[in-house]
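Residue strings, one per chain:
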Amino acid sequence: MIEKITAIFQQKFGTQPAFIAQAPGRVNLLGEHVDYNDGFVMPVAIDRATYIAFSPAAGLETCLVAADFDQQARFSSDSIATKTQTDGSQMPEWGLYPAGMCWALSDAGLATPAINAVFSSNVPRGSGLSSSASVEMAFAIAWQQVGGWSLTPMERARLGQRAENQYVGVSCGIMDQFASACGENNRLLFLDCRSLQYHSLPLPENIALVVADTGVRRKLTTGEYNRRHDACTEAVRLLQNHLPAIQALRDVSPEDFNRFSADLPEEVKKRARHIISEVRRTITAIPLLEKSDMAGFGKLMNECHISLRDDYEVSIDELDTMVSIAQGLPGCYGARLTGAGFGGCTINLVERTQAEQFAQLLRQGYQQATGQSPEIYICQASQGAGML
Ligand code: GLA
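Caption draft 1: Inspection of the layout of surface pockets at higher detail. Of the volumes computed, that of the largest pocket is approximately 660 Å³. Residue lining of the largest pocket: 38 residues in total, with Y97, G126, S131, S132 and R218 positioned closest to the centre. Those elements that provide at least two residues to the lining of the largest pocket are β6 (115-121), α4 (131-147) and α6 (175-182). Taken together, the residues of the lining of the largest pocket sort by class into 15 nonpolar, twelve polar and eleven charged.

Here it is, written out as structure tokens:
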């Protein structure tokens, strides 16, 4: 990857790049769709990342080459607000993430000098592994390098979220940018999305994290994600009639929800029930993880999938098939869809000694059931975004 982008940079700009930055994708073990409800999430940055070869550019124009699309985009601080390139043409979709990052940084008063850059990613796009956050966080590192300022990883994550919310137009939470910015080798992160306090926990050594890709791609920018967000806001508004002190669904206990949910519209009720049960699951999960109770933790993952499928309605047949095959295989503690849903990947918690066999049987089973050959890999918990 690094050789590839370096060679393209040399070819395109006629020199070696001065710097290489990288930022990983992530999987989330538990706490799905709760980040924008002030809940708790448990992601892991993975050993798949976006890499950027870059140098400061002369002049005011940033030139980006997306090696994976074989396309380029040029923008300046003047063109960026209107999502256009310097020649007046529209910014390509892939360009919204780096341009949005640049916009959010400059809006925060940080210098974003023009750069020449070539980037590429081995985080599959639209697969629930946060390819867009990894692009944002890698570019935040690049501009930090040339901009002469320094932010904490969490500050970069928050600006990345702002780019996604206000520039790209997805009402996402903080989880993906946080995981990409703050990931740690061999450790799982635990973040309180309200206070933004976090800590990390070692992943038990006997555990492998197996990611299984259904091959079905979704677009996060389609309205479904934002609609889920709106349903949660509506649930809070209605529940405040009974519970005036609540700020977010995180503040509603399952017991209070059972008492007061009768007058919620059916769809809003189901969406809120997922969030409220998921927040409870993440709270239950921490002590289980601390005492390496993988069976207990895996059971919560399985319950999470059911809740995402039936209450939040973000699963699809291929994800359900992948999960149910996995759950019946030896060595599997838990399996569920990971990320936003509507396609993409599942995350499987598997006994390390059985992980290879698990991957093989899952591949065969999925192929038999759907006729498609899935990509399945064992991933390593990795370091967050930085310079190489
Ligand atoms: C996407 C969003 C995150 C989070 C997940 C679901 O990945 O970017 O903020 O909401 O979906 O947990």
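On we go from here.
Caption draft 2: Fine view of the pairing of strand β7 (residues 187-192). Most of β7 is tucked away: five of the six residues are buried. Note that strand β2 (residues 40-41) and β7 share two bridges and pair antiparallel. If you follow V41 over to β7, its bridge partner there is L191. Count of turn residues in the β7/strand β8 (residues 198-202) antiparallel hairpin: five residues, of which L196 carries a positive phi of about 65°.

Caption draft 3: Here's a closer look at the state of the cysteines. In total, this model carries zero disulfides according to the counting rule given. As a non-bridged cysteine, C182 has C193 as the owner of its nearest cysteine sulfur, 12 Å distant. Using a relative accessible area of 5% as the deciding quantity, one classes C182 as buried. You can see C304 has no disulfide; the closest cysteine sulfur is in C332, sitting 14 Å from it.

Caption draft 4: Summary view of the environment of T84. Looking at where T84 falls in the secondary structure, it is placed in the loop between α2 (77-80) and α3 (96-107). Remark: the alpha-carbon pair of T84 and G95, spanning eleven residues in sequence, is separated by 9.7 Å. Sequence-distant contacts of T84, defined by excluding residues within four places in its chain, comprise F75, S79, S89, Q90 and M91. At a separation of 2.7 Å, a polar atom in the side chain of T84 contacts the side chain of T82.

Reading the values: rules and limits
Residues numbered from 1 in each chain as written. Predicted model: local features only at pLDDT ≥ 70, side-chain atom pairs only at ≥ 80, totals over all residues. Heavy atoms only, no water. 1 Å grid on protein atoms, 1.4 Å probe; cavity = no way out; pocket = protein on both sides within 12 Å on 5 of 7 lines; lining within 4 Å. Points joined across faces, edges and corners; volume = space filled by probe spheres on them. Helix = DSSP H or I, 4+ residues; strand = E, 2+ residues; numbered from the N terminus. Nonpolar A, V, L, I, M, F, W, Y, C, P; charged D, E, K, R; others polar. Buried < 20%, exposed > 50% of the residue type's maximum accessible area, 1.4 Å probe, protein only. Pairing = 2+ DSSP bridges. Disulfide = S-S within 2.5 Å. Contact = heavy atoms within 4.5 Å. Polar contact = N/O pair within 3.5 Å; in protein donor to acceptor, adjacent residues only side chain to side chain.

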